[in-house]
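Report on the structure
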Amino acid sequence: MSDLTAPKGTFDTLPPASAQFRAVRDTLTAPLRRAGYGYVETPVFEDTAVFARGVGESTDVVSKEMYTFTDRGGRSLTLRPELTAGLMRAFIEHRLYSGALPVKLWTVGSAFRYERPQAGRYRHFTQVDCEALGVDDPALDAEVVALAVQGFRDLGLADFELLLTSLGDSTCRPQYRELLVDFLAKLDLDEETRRRAEINPLRVLDDKRPEVQAQLDDAPLMVDHLSDSTKAHYDAVREYLTDLGVTWTEAPKLVRGLDYYTKTTFEFVHSGLGAQSAIGGGGRYDGLSAALGGPDVSGIGYAVGVDRTLLAVQAEGLDVVADAGVQAFVVPLGAEAKKLAVRLVGQLRQAGVSADTVYGDRGLKGAMKAADRSGATHAVVVGDRDLADGVAQLRDLRTGEQSAVPLAELFERVRATVGA
Ligand code: HAM
């Protein structure tokens, strides 16, 4: 046994379980593809400044969890802890803001955070990410939220909840922040929490400890101090969500782990996951573009954690694998039959039938086991005697029924039988 293993907090996704992962990932992206969002790829590493400035220096993500390294050219680079800042960097770099707006984008890929690993919390994980950039329209907020909901629904998930709030914007959050700071200053808090209250007072609202929560009952809430325009924005978002058939829970103390949020902010939680219950989250981020040196344009988006959503799918006992896998499996017995098998598998694959055969001499028993494991509905078994008779045996692996098929008709018969 080698001493090399996957790094702490990471894992390998192997067949056959990987089919579930892929099904979840693809089901979550399907609503985005159907809604006309364009696919983007950006590098998995960026200039460290993209995240330091974009996500915010005071967040745990930036201050404690980034995989940052200096490359051989002396640049400080960081493996992306999330996908939004990189997409915004690309939006600005390629001046997408000067074309038709909004620019609607989606991507899916790896993210990296140096977190303490536990069930549902990993150092390498996969996010499906959706961003609609350049337009501040509450209807767009509702569209984005509804797309995330659609993905969960398409998977058959039922035990999830949308937590929704508005975090205000520069017209009202500074005043609210002062109110909150004054309120927190009067509480009985330990030194570290006090320090946190100074850097990012909103984070204290999210403190899970009962002794802290008990003191927060009368805390001022952002939603009660929204400016007229952000309140109107939030009201409109909720009306559109109702029109779209999306239900939610008001979460006035919702705090996200990233600094860029303004106005509409949300999270999806699943009740079957224990401590790491967030399967997705997002919101509007009016200041992100400017923070990255771009024009003053807003955006709204979300990311869904594929790994956690898979855990939610498993927690609800859902069967999500629609992938047929191999349809036909060819079992050759003998050297001549092997030639036929290789040719037949090649022809079937070219015709769009998923087909496989055995490699390495395995004998009938091993080969039939491989056929069963492949999930194929049909096997073609050919031995030397069959060849001499000019036939092959076509066997339905579900019923065990078998019939001899003339070699000249074999390809067409297999193709017709497996329904391709
Ligand atoms: P986030 O809430 O930090 O938001 O992450 C989104 C989702 O990624 C989480 O709800 C969770 O499912 C998953 N996730 C986060 N960290 C881990 C981890 N260590 N292990 C497993 N899964 C994890 C963002 O990343 C924002 N960029 C979302 C966004 C897009 N906001 C606007 N646009």
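Everything discussed here concerns the structure shown above.
Here's a quick rundown of the structure. (Residues numbered from 1 in each chain as written. Predicted model: local features only at pLDDT ≥ 70, side-chain atom pairs only at ≥ 80, totals over all residues. Heavy atoms only, no water.)

Observations concerning the overall build of the protein
- When helices and strands are counted, the protein shows 16 helices and 16 strands.
- Relative to the compact-globule value of 22 Å for 420 residues, the protein shows a C-alpha radius of gyration of 27 Å, a clear excess of over 25%.
- Its C-alpha atoms give the protein principal-axis dimensions of about 90 × 50 × 45 Å.
- Residues counted as buried form 49% of the 420 residues belonging to the protein.
- Of the roughly 20400 Å² of accessible surface on the protein, 51% is carried by carbon and sulfur atoms. (Helix = DSSP H or I, 4+ residues; strand = E, 2+ residues; numbered from the N terminus. Rg over C-alpha atoms; globule rule 2.2 N^0.38 Å. Buried < 20%, exposed > 50% of the residue type's maximum accessible area, 1.4 Å probe, protein only. Areas by Shrake-Rupley, 256 points an atom, 1.4 Å probe, with all protein chains shown as cover.)

What about the site of the ligand?
- Residues in close proximity to the ligand total 27 residues, the closest being Glu-82, Thr-84, Glu-115, Arg-256 and Tyr-261.
- At 3.3 Å from an oxygen atom of the ligand is found a main-chain nitrogen or oxygen belonging to Ile-279.
- When the ligand is considered free in solution it has 660 Å² of accessible area, and contact with the protein chains removes 96% of it.
- Listed by contribution, the elements that provide at least two residues to the shell around the ligand are β6 (124-133), β10 (278-284) and β11 (299-305). (Near = heavy atom within 4 Å. Polar contact = N/O pair within 3.5 Å; in protein donor to acceptor, adjacent residues only side chain to side chain.)

Observations concerning the pairing of β10
- Taken across its 7 residues, β10 has 6 buried, putting it largely inside the fold.
- Bridge count between strand β9 (residues 262-270) and β10: 6 bridges; the pairing is antiparallel. Of the residues in β10, the one forming a bridge with Thr-265 is Gly-283. (Pairing = 2+ DSSP bridges.)

Describing helix α16 (residues 407-418)
- Its 12 residues place the ends of α16 17 Å apart at the C-alpha level, agreeing with the 16 Å of an ideal helix rising 1.5 Å per residue.
- Among all positions in α16, only Leu-410, Val-414 and Val-418 are buried. Here the buried residues of α16 occupy an arc of 20° about the axis, which is enough to place them on one side. Of the exposed residues in α16, those oriented more than 90 degrees away from the buried face are Ala-408 and Ala-416.
- Looking at the packing, one finds that the buried side of α16 touches β12 (328-332), α13 (335-350), β14 (378-382), β15 (391-396) and β16 (402-406). (Expected span 1.5 Å × (residues − 1). Arc of directions from axis to C-beta. Contact = heavy atoms within 4.5 Å.)

Note that every value here comes from positions in space, so none of it alone points to a role or purpose.
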